[in-house]
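# Working through the structure, step by step
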Amino acid sequence: MSSDPRLTRAGSRTATPTHPPPPPPPVGPAPIVSSDGGVDGTRIDGSQPVDASGQDNFKLKFCTVCASNQNRSMEAHLRLSAAHYPVVSFGTGSLVRLPGPTITQPNVYAFNTTSYDSMYKELEGKDPRLYRANGLLNMLERNRGVKWGPERWQDWRIGVPRLNHQQDRGSIGVEGGVVDIVITCEERCFDAVVDDLLNRGSPLNRPVHVFNVDIRDNHEEALVGGKAILDLADSLNRAAAEERIIHGDSGWEEGNGASRTNFDERVPEILGDWQERWPQMPALWTLAWF
Amino acid sequence: MSQPLASVADQLAQLDAARKLVLGDSAFYSQIVQGILPIVGAHARVELRRWGADFLAETFASPGLSLEQKQQLCLLVLQTIKEILELPSEDASVIKSMVQASASIYPLVFRHIIANPDDAPTWEKMAAIKSNILRRWDTAPAGVRVCCIKFVQRVVQVQTPGAPADPRRAEQSETSLTLVPRNHPLIPTTNLEAETFGLLDRMLNVFHENPLDAILVNATLNCLGGLIRSRPSISNKIISTILNFNPLKQASMPLTSKVKVIVKSMERTTRALLLNINKRNPNGPLAGKIHQYMERMAQSRLEFFDDANRKRGPPIEPTDGLDQAKRLRLGAGVPDTPTPTITVPPLPPGPASYAQLFTLTRDEAFRSFDVSQLPIDLVIKIALPVLYRLDQKVLDPAINGLRARYDTYVKQQQRAAPRAAPVDEDDEAYEPDFEPTEDPEQIMNKLDNDVEEPEDTYAPPDVALGQFELPPPPPMSQDETANIGRGTVARVFSMMNMLDESGSAVSKKTKTGINRLAASSYDREAWLTVIIRLATRASTGLDDYDPEANIKTEDGPSTSMTKSTDISLSDSIRDALYLYFIEDFRRRMDIAIAWLNEEWYNERVQKENGNDPQPTYEKWALKIIDGILPYLDAKDKMLIRLLSEMPAVSEAVLERVKKLAGDPERVSLAVNSLHYLILLRPPVRDICIDALEDLWRNYEDARSSAAKLLARWRPQVLQQQQQQQQQQDQVGAVTSASNSATPVPVPVSAPAPAPAPTPAPSSS
């Protein structure tokens, strides 16, 4: 586990001052802080375990999307699952593309049928020194600890139960094959997702908030981006949970003032506040349909 | 309290287990759904109702469950859904899921009703659910309203004719109005159609009513895609509505981060939907309009967000999954970008050709390529853009290199030819000499001859030619100049006449606003500007000399000479302009106004420069007014336009306007023009009111209308008149003849603001 990128970050942040330090973590639930030093494979503690004891544990279901389902979406997937959010992740590209020895020789894999583990082994067999130096092996090692292999967004059969993904981290809660929030990591992916949902014709009649958080595709930015996405997820989840508590047993009529404003209504505001905390990641949002 | 809570937790755990079961195998659905209905019904605790609502929504949305199974199940759950929806103050999340479930169920029930026309109770339940949801549509919290929108979208989709159903695959074809028989007892198609239109209108209303409610707008936009695609009968209507919607309209609001998110999101969603439509149907009837709309939107988006500074530059790192093929070279790229240094290799010793002298490339293939084989227009096509884009930093060293190369070559030649006379640098003309003066040009010639034409066909001339200079043309006489000047002016006018027809449409297209450069577009307006400036400014250059000439020789013959030329130059243009304008003054009013503005401006500039120009503006303004006055009819707007847009209105001009009132038909035109000026041209208000007063006093026909205006603008005049009359009535001795004559002697020409007090005593 020494190769976990999280561990390298502590050093790399001071070593590469080109990246502005991320804003201070918002006053949020404990998981952010506790997961900071978390390591792959070991269960991250400090946050309460998932149980069905009450409303407090209401969790929105998330989906993270990037181009190849390797770097940014997987970092966010790990982050969110570490905070015990139900989460799935996808890529919108046509193929999984990883850098090769030269620009013209990328390593290309098919979505859905290639596991992170097999990619890891193949690259390790090809040139361990190169792929360790450019961070690919570290990344794949992280990914193979999160789920089996990269999945393509366009091939996702939304609403089909995902019972065969129980080994994936963050799989608890997304057995139904649907999510409440989709977070893409690049405008191109956002467009692909919105367009794909339009093409599907919204057969499930289920609303889904689609966000875009622009993250550059490198290891360092992915780490910062994962943190930002977790912050967004926390803000959204807090609002959604509040809605359920306030309008729960006491009923709609007894809610007052701000508490009456519904979760969905607050989304633009939440994103606006988030954007002020993370100005370096231009965000987008829309309400689409599954 | 803890006891029931625990049991709720237990029940939820059991329910979750049941859900796991059906997720694993959809065959259990009918069993489980029937089993849970009593547990999660309207009388259960809210936690259970929430679970049940979510489960029902999931069940009827699930792609794992076949259409037949769903159709059977939907009949079972209708009652429960209805009851829960009708609960007072129901939890929002339960409603949300129930509306979702209803949206999925509606097509199923509809299909069932088509097949079973007698099942009125089921249809009634569905209708009750529908009206319940429609009631919530406007008042519920946003999350629920969004789901209501989706429900309505489903209803509209079901209740409009779909694509013609394939009879062989009736089971597979989608539920739509097409499947309903005309004479169905429960769902008569005409009623459905009417209802659908109403719902669709209400749905599209969101773009007008809640343009800032991003969540509703986005939800609507994102579910309209399916309707547009599958329901051609209403797609045009939907698209036109969207095209009339402008998500950036809210620019006046303070741009908080929330508003930014909202506006950006609506703009983006609209764009995504339109892009999707055009991608699917690039030849649709509205494709062109959609394209225009998106271009317009892109433009206003830039203006709205002033994005340029916030936009991310090109990605510093690869963007596609660490794809190295797309990686921008960072470190390696740096030495690439500076301009390539040009090295100029020295010429080989010995005679060289032009070609050799100017060749910089070392590429053999390029060297041997003979450019002269290319057609000249192709060469131009290549050379011009290349020259245009050529970096100065590249060009300069190359030229310098060539210069150095040339200098060294010349020196070599001189050394090789010791007889050479020193180069006379000043004399560039061709001076034949029997001794070759090694003039640069001659060297070049020689080089050429030596190499390119090795066979000695060209012998240096034996006879010396005298130096030849083209004699300057004989000076033109005044008349000739004037004639040619007039010819030029006539030519420009004929050009404008041509452009009048063809160019007016073109010129309208390119309205570049205030930043345009006058006379740069070569259309009619540009030529007009040229001609007007020629008339107004060209002669002022002469004027600069004129006054001195005038002073020197007062009344001398030379003065009249200069004056006459001056007049013949600029005034002939003015005459031509005037005629051109009068030819069609209604359409060419803008010309007159532009011209007058230029005249006026020029006069001012001259004054500022200390010159005392001839009063051309006044002269031509009067001439123009005189020119059009005879043609104006009673309701003509031309005069008002001219008066309002000409740069200065003088009393003489108003005098002309007043004369209009002499014609009983055009009294109102005169009065209205004055009224307009009074209202909208404050600087000339006083003299206009004076003119009005004059009208009132001296023009019988204009009296009543002028009095009305005077009552507002200069009431004291009227009052005085009244007083006077009263006095006269009191005196009673004055005859009616003298009474009517009283207003006449009032001095009108005096521009004093209050001329009223004086005349009263004088008349009495």
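Residues numbered from 1 in each chain as written. Chains lettered and ligands numbered in written order. Predicted model: local features only at pLDDT ≥ 70, side-chain atom pairs only at ≥ 80, totals over all residues. Heavy atoms only, no water.

## Structural notes on the side chain of R574 of chain B
All names here are of chain B. With respect to the helices and strands, the residue R574 is situated in helix 21 (residues 557–583). Owing to a relative accessible area of 3%, R574 belongs among the buried residues under this scheme. Within the structure, the side chain of R574 is placed 2.4 Å from the side chain of E599, a separation counted as a polar contact. Sequence-distant contacts of R574, that is, excluding residues within four places in its chain, are made with A535, T536, W595, E599, T616 and W620. (Helix = DSSP H or I, 4+ residues; strand = E, 2+ residues; numbered from the N terminus. Buried < 20%, exposed > 50% of the residue type's maximum accessible area, 1.4 Å probe, protein only. Polar contact = N/O pair within 3.5 Å; in protein donor to acceptor, adjacent residues only side chain to side chain. Contact = heavy atoms within 4.5 Å.)

## Regarding the nonpolar core
By size, the foremost hydrophobic cluster in this structure holds 140 residues, and its most contacted members are F62 and L236 of chain A together with L224 of chain B. Considering each element in turn, this core owes the most residues, 14 residues, to helix 5 (residues 92–115) of chain B. Contact partners of L224 of chain B, with chain neighbours within four places excluded, come to M203, L204, F207, I238, I242 and L273 of chain B. Formed by 62 residues, the second largest nonpolar core is a distinct cluster that contains I573, I591, L596 and A691 of chain B. (Core = buried A, V, L, I, M, F, W, Y, C linked by side-chain atoms within 4.5 Å.)

## Overview of the sheet that holds strand 7 (residues 283–289) of chain A
In space, the five strands of this open sheet follow the order 2-1-5-6-7 (chain A), with mixed pairing throughout. The outermost strands of the open sheet, each flanked by one partner alone, are strand 2 (87–91) and strand 7 of chain A. Taken over all neighbouring pairs, the strand axes of this sheet differ in orientation by 20° on average, direction set aside. Strand direction decides the pairing type here: strand 1 (residues 62–66) of chain A and strand 5 (residues 181–184) of chain A, joined by four bridges, are parallel. Within strand 5 of chain A, the position partnered with T64 of chain A by the bridge is I183 of chain A. Where helix 9 (residues 263–277) of chain A meets the sheet, it contacts strand 5, strand 6 (207–213) and strand 7 of chain A, and its direction lies at approximately 160° from that of strand 7 of chain A. Against the sheet, helix 7 (residues 142–158) of chain B contacts strand 6 and strand 7 of chain A, and its axis sits at roughly 50° relative to strand 7 of chain A. (Pairing = 2+ DSSP bridges. Axes fitted to C-alpha atoms, helices over the stretch in contact; angles between N-to-C directions.)

## Some points on a nonpolar patch on the surface
Residues and elements named next belong to chain B. On the surface, a nonpolar cluster with roughly 410 Å² of combined accessible area is contributed by L378, I382, V386, L387 and L390. When you line up the elements, L378 lands in helix 16 (residues 376–389). The exposure class of L378 is partly exposed, given its relative accessible area of 35%. (Patch = residues over 30% accessible without salt bridge, like charges linked within 9 Å, V, L, I, M, F, W, Y side chains within 5 Å. Areas by Shrake-Rupley, 256 points an atom, 1.4 Å probe, with all protein chains shown as cover. Salt bridge = Lys/Arg side-chain N within 4 Å of Asp/Glu carboxyl O.)

## Section: the interface of chain A and chain B
Each side of the interface is counted separately: chain A has 69 residues, and chain B has 62 residues. Summed over both partners, the interface of chain A with chain B buries about 5700 Å², with 55% contributed by carbon and sulfur atoms. Considering only the surface of chain A that becomes buried against chain B, L198, N205 and W289 of chain A emerge as the three largest contributors, covering 13% of it. Where chain A packs against chain B, one counts four salt bridges. Where D264 of chain A meets K96 of chain B, a salt bridge forms, and the shortest distance between an N and an O atom there is 3.0 Å. For the interface between chain A and chain B, the tally reads 22 residue pairs in polar contact (both at pLDDT 80 or more). When residues of the side of chain A that touches chain B are traced back to their parent elements, those giving at least two are strand 3 (96–98), helix 6 (136–146), helix 7 (187–200), strand 6, helix 8 (219–246), helix 9 and strand 7 of chain A. With nine residues, the top contributor of residues to the side of chain A that touches chain B is helix 7 of chain A. (Buried area = accessible area lost by both parts, 1.4 Å probe.)

## What to know about the packing of helix 22 (residues 589–608) of chain B against helix 24 (residues 638–645) of chain B
A pair of packed helices is characterised by two quantities: the angle between their axes and the separation of those axes. All names here are of chain B. Following both chains from N to C, one finds helix 22 and helix 24 inclined at 20°, their axes separated by 10 Å at the closest point. The pairing of helix 22 with helix 24 is recorded here as roughly parallel in orientation. Between helix 22 and helix 24 the crossing geometry is right-handed. For the pair formed by helix 22 and helix 24, the contact residues are M589, D590, I593, L596 and N597 on the first element and M638, R641, L642 and E645 on the second. Looking at the contact of helix 22 with helix 24, its residues break down into five nonpolar, one polar and three charged. (Parallel < 35°, antiparallel > 145°, perpendicular 65-115°, else oblique. Left-handed = near helix turned anticlockwise from the far one by under 90°. Nonpolar A, V, L, I, M, F, W, Y, C, P; charged D, E, K, R; others polar.)

## Section: the pattern of salt bridges
Overall, the coordinates contain 42 salt bridges over all chains when judged by the stated rule. For the salt bridge of K147 of chain A with E151 of chain A, the shortest nitrogen-to-oxygen distance reads 2.8 Å. Side by side, K147 of chain A and E151 of chain A carry an identical accessibility label, which is buried. The partner of E195 of chain B in a salt bridge is K130 of chain B, with the nearest N and O atoms 2.8 Å apart. Of this pair, E195 of chain B sits in helix 8 (residues 189–204) while K130 of chain B sits in helix 6 (residues 120–136); the two residues are 65 residues apart in sequence, bridging distant segments of the chain. Accessibility expressed as a relative area gives 7% for K130 of chain B, which makes it buried. Here the residues in one salt-bridge network are R72, E186, R188 and D217 of chain A, joined through shared partners.

## Notes on the packing of aromatic side chains
Note on aromatic pairs: each is described by the distance of the centres and the angle between the planes. Inspection of the entire model under this criterion finds 18 aromatic pairs over all chains. With 5.2 Å between their ring centres and 80° between their planes, F62 of chain A and Y85 of chain A make a pair best called edge-to-face. Note that F62 of chain A is positioned in strand 1 and Y85 of chain A in the loop between helix 3 (72–82) and strand 2, a separation of 23 residues in sequence. Overall, the relative accessible area of 0% leaves F62 of chain A in the buried class. With centroids separated by 5.4 Å and ring planes inclined at 45°, the aromatic side chains of W595 of chain B and W620 of chain B adopt a geometry described as tilted. One end of the pair, W595 of chain B, is in helix 22; the other, W620 of chain B, is in helix 23 (residues 616–628), with 25 residues separating them in the sequence. Site record: aromatic cluster; members linked through ring pairs are F90, W153, W156 and F290 of chain A. One Lys or Arg, K59 of chain A, reaches over the ring of Y85 of chain A and ends 4.9 Å from the middle of that ring. Here R144 of chain A stacks its cationic end above the ring of Y120 of chain A, 3.8 Å away from the centre of that ring. (Phe/Tyr/Trp six-rings, centres within 6.5 Å; stacked < 30°, edge-to-face > 60°. Lys NZ or Arg CZ within 6 Å of the ring centre and 35° of its normal.)

## Structural notes on the pairing of strand 1 of chain A
Residue and element names in this part refer to chain A. Of all five residues in strand 1, five are buried; the element is thus mostly enclosed. Bridge count between strand 1 and strand 2: five bridges; the pairing is parallel. Its bridge partner lying in strand 2, F62 is registered against V87. Once you follow strand 1 into helix 3 and on to strand 2, the crossover reads as right-handed. (Right-handed = clockwise from strand over helix to strand, strands pointing away.)

## Brief notes about the confidence of the model for chain B
Residue and element names in this part refer to chain B. Per-residue pLDDT for chain B averages 76, and the proportion of residues at 70 or more is 74%. Here residues 307–313 is modelled with pLDDT under 50, and outside its nearest four sequence neighbours on either side it reaches seven contacts, counting other chains as well. A low-confidence stretch, residues 420–429 (pLDDT under 50), is modelled with eight contacts involving residues beyond four sequence positions or located in other chains. (pLDDT = per-residue confidence, 0-100.)

## Concerning unusual backbone geometry
All names here are of chain A. For N69, which is not glycine, the phi dihedral falls at a positive 55°. Relative accessible area serves as the criterion here: at 0%, N69 is assigned to the buried category. With phi around 45°, S202 is a residue other than glycine that occupies positive phi space. Within the secondary structure, S202 is located in the loop between helix 7 and strand 6. A relative accessible area of 3% places S202 in the buried class.

## Things to note about the environment of V155 of chain B
Tracing the backbone shows V155 of chain B in helix 7. Residue V155 of chain B is classed as buried on the basis of its relative accessible area, which comes to 1%.

## A short note on helix 3 of chain A
Residues and elements named next belong to chain A. The buried count for helix 3 comes to eleven of eleven residues, which makes it a mostly enclosed element. Along helix 3, the positions that sit buried rather than exposed are R72, S73, M74, E75, A76, H77, L78, R79, L80, S81 and A82. H84, located one to two residues past helix 3, shows a positive phi value of around 65°.

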